[in-house]
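One letter stands for each residue in the lines below.
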Amino acid sequence: MKFNPNEYKLRNIAIWNEVAPRYHKRWASVSRGPFQSTSELIHLLEIKKGDRIFDLACGTGVVTKKINQKVGNSGYVIGADTSITAIKTAKKWIGSKLNLDFVIMDAENCYFAKPFDVITCQYALFFFPNAQNALKNIRKNLNKNGKLGISVHGVSKKVPFFSSILDVVTEFIPDYIPPGSPNLDRFGTKTALRNEVKKAGFEKIKVKNFVFKFNPGTFENYWKNYLRYVAKPLKEKLNSLDRQKRVKLKNAVRENVKSYILNDKTMEFPWEVLILTAKK
Ligand SMILES: C[S@@+](CC[C@H](N)C(=O)[O-])C[C@H]1O[C@@H](n2cnc3c(N)ncnc32)[C@H](O)[C@@H]1O
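These numbers come from a predicted model, not from an experiment. (Residues numbered from 1 in each chain as written. Predicted model: local features only at pLDDT ≥ 70, side-chain atom pairs only at ≥ 80, totals over all residues. Heavy atoms only, no water.)

Trainee: Even after reading the chapter, I still don't get the pairing of strand E1 (residues 52-56), so can you show me in this structure?
Mentor: On a regular strand, one side chain projects to one face of the sheet and the next to the other, so that they alternate. Across the five residues of E1, five count as buried, placing the element largely inside the fold. Going residue by residue along E1, you find Arg-52, Phe-54 and Leu-56 tucked away on one face and Ile-53 and Asp-55 tucked away on the opposite face as well. With five bridges connecting them, E1 and strand E2 (residues 76-81) associate as parallel partners. Bridging across to E2, Leu-56 finds its partner in Ala-80. At this point the chain moves from E1, through helix H3 (residues 62-71), to the parallel E2, and the crossover so formed is right-handed. As defined by bridge partners, E1 adjoins strand E4 (residues 116-122) across three bridges and the pair is classed as parallel. Its bridge partner lying in E4, Ile-53 is registered against Val-118. (Buried < 20%, exposed > 50% of the residue type's maximum accessible area, 1.4 Å probe, protein only. Helix = DSSP H or I, 4+ residues; strand = E, 2+ residues; numbered from the N terminus. Pairing = 2+ DSSP bridges. Right-handed = clockwise from strand over helix to strand, strands pointing away.)

What follows is the structure, given as structure tokens:
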């Protein structure tokens, strides 16, 4: 089946509209595990009072909120996302401010009348089917000395929290991820991320890797929460398996995560994150 980027984007919008409140509760509103990246991203970009900043694919506002505090009253921040539910959640969480706006906008089609000092994009570049278009757009929307900051997850084997389940699930349900979908870890190495950003014309590119730790509780907590927080279409596919297959699947996941179980029976996953900074 030929990949259709518009259908993919519409599916993502539906997924994020459904998942955003749960994503906010579990991940974005608590700076645990990979979300320790938010402070690192802000630190590496040297954001200062008075900066004018665009947070692309802002989701429920975790980066937006922190940079809004950092730029102070003389600065300005705008967050954009394609999910209305994510933006509503962000607005409610942060509250209304004179120097903060949110818009519904697609990363590959964003245009502003006035350029920005900094553009941030955390955990989203890999969702854009044409990441080059998005990056070229970002570049156009930066002022002469403007800076870009991107966070992405490492390749799947460096993020076992996801891969320990996904590797098994895709064996049991081959179309779990719709065939032809862009690979979500395609920018998960320093070289791949750097090359994509360089191709869009950016300079002075630096990529740093971080390995954060994430403790999801016991194996039972990890498994139960995966099922609770996963997007509806994926949950439906998992529910379509018969009981015997579900037991087999769960046991295969348990086998995959053995090395991350600590003496007290809780689990600790390493979680690689890459943070890139660049100049226009
Ligand atoms: C993993 S969340 C990251 C959100 C936020 N940056 C954070 O750090 O929590 C990915 C976000 O990308 C958004 N997204 C996906 N495709 C997009 C696109 N083409 N244009 C704009 N936003 C998009 C989703 O709606 C979702 O809110």
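Trainee: I tried to follow the environment of Ile-165 on my own but got confused; where do I start?
Mentor: Position of Ile-165 among the secondary structure elements: in helix H6 (residues 160-172). The class for Ile-165 is buried, based on a relative accessible area of 0%. In this structure, the C-alpha to C-alpha distance between Ile-165 and Tyr-222, residues 57 residues apart in sequence, is 10.0 Å. Among residues more than four places away in sequence, those in contact with Ile-165 are Tyr-222, Trp-223, Tyr-226 and Val-253. (Contact = heavy atoms within 4.5 Å.)

Trainee: Is there a simple way to explain the site of the ligand in this structure?
Mentor: The ligand sits among 18 residues. The nearest are Tyr-23, Ala-57, Asp-81, Asp-106 and Gln-122. Asp-81 is positioned with one of its side-chain polar atoms (N or O) 2.6 Å from an oxygen atom of the ligand. Contact distances for the ligand include 2.9 Å between a nitrogen atom and a backbone N or O atom of Ala-107. For the ligand, whose free accessible area comes to 590 Å², the fraction covered by protein is 97%. Taken together, the residues of the shell around the ligand sort by class into twelve nonpolar, four polar and two charged. (Near = heavy atom within 4 Å. Polar contact = N/O pair within 3.5 Å; in protein donor to acceptor, adjacent residues only side chain to side chain. Areas by Shrake-Rupley, 256 points an atom, 1.4 Å probe, with all protein chains shown as cover. Nonpolar A, V, L, I, M, F, W, Y, C, P; charged D, E, K, R; others polar.)

Trainee: Quick question: what am I supposed to make of the pattern of salt bridges here?
Mentor: Side chains that differ in charge, positive against negative, can pair when their charged atoms come close. Counted under the stated rule, the structure contains nine salt bridges. Note that Lys-237 and Asp-175 form a salt bridge whose closest N and O atoms lie 3.9 Å from each other. Residue Lys-237 is located in helix H9 (residues 232-239), and its partner Asp-175 is located in the loop between H6 and helix H7 (190-199); the two are separated by 62 residues in the primary sequence. Exposure remark for Lys-237: the relative accessible area of 23% places this residue in the partly exposed category. For the salt bridge of Lys-258 with Glu-255, the shortest nitrogen-to-oxygen distance reads 2.8 Å. Connected through shared salt-bridge partners, Lys-9, Asp-106 and Glu-108 make up one network. (Salt bridge = Lys/Arg side-chain N within 4 Å of Asp/Glu carboxyl O.)

Trainee: Explain the environment of Val-197 to me, please; I cannot follow it from the model alone.
Mentor: Within the element layout of this structure, Val-197 appears in helix H7. Spatially, the C-alpha atoms of Val-197 and Phe-187 are 10.0 Å apart, while their sequence positions differ by ten residues. Once residues lying within four places of it in the same chain are set aside, the contact partners of Val-197 are Leu-135, Leu-148, Ile-150, Phe-202, Ile-205, Leu-276 and Ala-278.

Trainee: What is the right way to look at the packing of H6 against helix H10 (residues 243-256) in this model?
Mentor: To characterise two packed helices, one gives the angle between the axes of the helices and the distance between these axes. For the pair H6 and H10, the least separation of the axes is 9 Å and the interaxial angle reads 145°. Helix-helix and strand crossings are classified by hand; for H6 and H10 the assignment is right-handed. In this structure, H6 contributes Ser-164, Ile-165, Val-168, Val-169 and Phe-172 to the contact, and H10 contributes Lys-245, Lys-248, Leu-249, Ala-252, Val-253 and Asn-256. Broken down by class, the residue content of the contact of H6 with H10 amounts to seven nonpolar, two polar and two charged. (Axes fitted to C-alpha atoms, helices over the stretch in contact; angles between N-to-C directions. Left-handed = near helix turned anticlockwise from the far one by under 90°.)

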